[in-house]
Amino acid sequence: MDNSEQRINKLIFRLRGNGLRITPQRLSIIKIILGNKNHLSVDEIFEKVKRNFPMIGLATVYKTISLLKEMGEISEINFHNQGARYDGSGEPPHPHVICSMCNTVEDLDNLTDIGGTYIDKFTKKINDRTRYQINTYRMDFFGICPKCQIENNQ
Ligand SMILES: [Zn+2]
Ligand SMILES: [Zn+2]
């Protein structure tokens, strides 16, 4: 059993504990979000789940997403020019790089080499200065991804 399968099983256990019925549709949505590294939009999640459940409604997708959000299982990345995207990695908060042409969202993994500890120090400074108890952060870097750079130079 790999990590993501374990995570899904734990999550199902928690959902049942909250009195929630796990329908096959709901389970399918959960698996799509948690098993995906691509920061999917609601529409993309909807398209994927429709392959197995053609009759599913968008409302079910929205409901399941907001439930996972409330439970802290996924995080939302908002854009001013399009809808939200969802990070189901279960990772602690992390910076993203975002292409402003194709809207690709990528994780900045393994930040230690470019200053992961710097972010921790920075957060602590903000704690000290504002006396807020900072428990999460968002950091987005916008630019043009390598693929779009090539496509737009031709
Ligand atoms: Zn791009
Ligand atoms: Zn991410």
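Right above here is the structure, for reference.
All values derive from a computational prediction rather than experimental measurement. (Residues numbered from 1 in each chain as written. Chains lettered and ligands numbered in written order. Predicted model: local features only at pLDDT ≥ 70, side-chain atom pairs only at ≥ 80, totals over all residues. Heavy atoms only, no water.)

Chemist: Help me out: how do you make sense of the overall build of the protein in this one?
Modeler: When helices and strands are tallied, the protein shows 6 helices and 6 strands. The order of helices and strands in the protein, counted from the N terminus, is α-α-β-α-α-β-β-β-β-α-β-α. In terms of its C-alpha atoms, the protein occupies a principal-axis envelope of roughly 50 × 45 × 30 Å. Across the 154 residues in the protein, those meeting the buried criterion constitute 32%. Sequence-distant contacts in the protein: of pairs separated by 6 or more residues, those separated by 24 or more amount to 50%. With an accessible surface of roughly 10,700 Å², the protein has 51% of that area assigned to carbon and sulfur atoms. (Helix = DSSP H or I, 4+ residues; strand = E, 2+ residues; numbered from the N terminus. Buried < 20%, exposed > 50% of the residue type's maximum accessible area, 1.4 Å probe, protein only. Contact = heavy atoms within 4.5 Å. Areas by Shrake-Rupley, 256 points an atom, 1.4 Å probe, with all protein chains shown as cover.)

Chemist: How should I be thinking about the coordination of the zinc ion (ligand 2) in this particular structure?
Modeler: Each donor-metal-donor angle would ideally measure 109.5 degrees in four-coordinate tetrahedral geometry, or 90 or 180 degrees in six-coordinate octahedral geometry. Bound to the zinc ion (ligand 2) are the protein donor atoms His39 (NE2), Asp87 (OD), His94 (NE2), His96 (NE2) and Asp107 (OD), situated 1.8 to 2.3 Å from the metal. Linear spacing of the donor residues for the zinc ion (ligand 2) on their chain is H-x47-D-x6-H-x1-H-x10-D. Each member of the pair, Asp87 as well as His96, carries the same accessibility label: buried. (Donors = N, O, S within 2.8 Å, 3.2 Å for Na, K, Ca; no water.)

Chemist: For this particular structure, what's the right way to read the sheet that holds strand β6 (residues 140-143)?
Modeler: Paired through their backbone hydrogen bonds, the strands of a sheet run either parallel or antiparallel. Here we have 3 strands laid out as an open sheet, ordered β5-β4-β6, and mixed in their pairing. One side of each edge strand has no neighbouring strand; the edge strands of this open sheet are β5 (105-107) and β6. Here the average twist between neighbouring strands, direction ignored, is 25°. Direction of pairing for strand β4 (residues 96-99) relative to β6: parallel, over a ladder of 4 bridges. Paired with His96 across the strands is Asp140, a residue of β6. (Pairing = 2+ DSSP bridges. Axes fitted to C-alpha atoms, helices over the stretch in contact; angles between N-to-C directions.)

Chemist: Can you walk me through the environment of Ile8 in this structure?
Modeler: With respect to the helices and strands, the residue Ile8 is situated in helix α1 (residues 3-17). A relative accessible area of 8% places Ile8 in the buried class. Measuring from C-alpha to C-alpha, the distance between Ile8 and Thr64 comes to 14 Å, with 56 residues separating the pair along the chain. Ile8 has contacts with Leu27, Lys31 and Leu34, leaving out every residue within four places of it along the chain.

Chemist: Please explain the coordination of the zinc ion (ligand 1) as it appears in this structure.
Modeler: Every protein donor of the zinc ion (ligand 1) is accounted for by Cys99 (SG), Cys102 (SG), Cys145 (SG) and Cys148 (SG), and the metal-donor separations fall at 2.3 Å. Considering all 4 donor atoms around the zinc ion (ligand 1), the spread of angles at the metal, 105 to 116°, places the coordination shape in the tetrahedral class. Along the chain, the residues donating to the zinc ion (ligand 1) are arranged with the sequence spacing C-x2-C-x42-C-x2-C. (Tetrahedral: all angles 85-135°; square planar, octahedral: opposite > 155°, others 65-115°.)

Chemist: Just checking my understanding: could you explain the side chain of Thr23 for this structure?
Modeler: Mapped onto the elements of the fold, Thr23 is located in the loop between α1 and α2 (24-34). By relative accessible area, Thr23 is classed as buried at 19%.

Chemist: Sorry, what's going on with the packing of α1 against α2 here?
Modeler: The description of two packed helices rests on the angle between their axes and on the distance between the axes. For the pair α1 and α2, the least separation of the axes is 11 Å and the interaxial angle reads 140°. Of the possible angle classes, the one that applies to α1 and α2 is oblique. Like other packed secondary-structure pairs, α1 and α2 cross with a definite hand, here right-handed. Two secondary-structure elements touch here, α1 through Arg7, Ile8, Leu11, Ile12 and Leu15 and α2 through Leu27, Ile30, Lys31 and Leu34. When its residues are assigned to classes, the contact of α1 with α2 shows 7 nonpolar, no polar and 2 charged. (Parallel < 35°, antiparallel > 145°, perpendicular 65-115°, else oblique. Left-handed = near helix turned anticlockwise from the far one by under 90°. Nonpolar A, V, L, I, M, F, W, Y, C, P; charged D, E, K, R; others polar.)

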